Amino acid sequence: MGTTETGPDGSVSYLFTSKNLAYRQKLYRWLIIGCWVLMGYACVGVIVFIDDWGRWRFYGGFAAMGLPLLVLFFSLRFVWALLRRLVRVVCGRASGGVVAPLLGLGVVGCVLWLVWHISFMYQWSYVEDARQGSVRHENVICQNFRVGRTTGKNSHAQYVFDLVSEDGFSWTYRMRRSSMDAKVEKGEEPYASVMSTCRGETSGLGIVVYEHSGIITEAWTNQAGSGH
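Criteria and cut-off values
- Residues numbered from 1 in each chain as written.
- Predicted model: local features only at pLDDT ≥ 70, side-chain atom pairs only at ≥ 80, totals over all residues.
- Heavy atoms only, no water.
- Pairing = 2+ DSSP bridges.
- Helix = DSSP H or I, 4+ residues; strand = E, 2+ residues; numbered from the N terminus.
- Axes fitted to C-alpha atoms, helices over the stretch in contact; angles between N-to-C directions.
- Contact = heavy atoms within 4.5 Å.
- Polar contact = N/O pair within 3.5 Å; in protein donor to acceptor, adjacent residues only side chain to side chain.

Chemist: Any details on the sheet that holds strand β4 (residues 205-210)? Residues and values, ideally.
Modeler: Spatial ordering of the open sheet is given by β3-β2-β1-β4-β5, a layout of five strands whose pairing is antiparallel. What marks the edges here is a single partner per strand, and that holds for β3 (170-176) and β5 (215-220). Within this sheet the neighbouring strands show an average axis-to-axis angle of 40°, counted without direction. Two elements, strand β2 (residues 157-164) and β3, share seven bridges in a ladder whose sense is antiparallel. Note on β3: the bridge partner recorded for Q158 is R176.

Here it is, written out as structure tokens:
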């Protein structure tokens, strides 16, 4: 494809102000627009669906499906450009070899495969939960409650615990300690009921949970008298 230039003055703004753009410059502008849209979509998704639990967190799993769809949408123009270039070379209507367009198609194909593979691994649990729906569990106990730390450069403290019910449900949770403490202090549910049980302050926990993703939408204790 060769080197892509922004414009005569070397500025990106030229791509959005000039009406006389070369085909490569139009592709470059399309790439910039795609990056902006993806970053904006991701930022809005993080702001709206930032909670660890709750129905909004569950909806956020489906909203994340928009990211691979956007990647596919903005990549189709590059696929078409590479295919057109390949056909022109094969038909003798353009100079150069077929290696460059084939290599470009291979790179785009690998990127799309990687994006969809990761998305499938992340999204499948939400698809299964949507089919099955949330499940109610009574007499849930909290086991192996402890404070640990994440690994990596930005390490932080986290609560680690297992929620286990008599009917066979079991899930290991790792929740950021500072975030959980703030929500419990405000009395937010389902965090307050779960943490009070894990700390031994109450017993007889009940939850409503999506079993494939582990997202808890409701929680209550016998002492709370919530009428569940």
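Chemist: Any details on the environment of R149? Residues and values, ideally.
Modeler: Among the structural elements, R149 can be located in strand β1 (residues 135-149). In this structure the C-alpha to C-alpha distance between R149 and Y159, which are ten residues apart in sequence, comes to 8.4 Å. The contacts of R149, once residues within four sequence positions are left out, are S155, H156, A157 and Q158. Separated by 3.2 Å, the side chain of R149 and the backbone oxygen of S155 make a polar contact.

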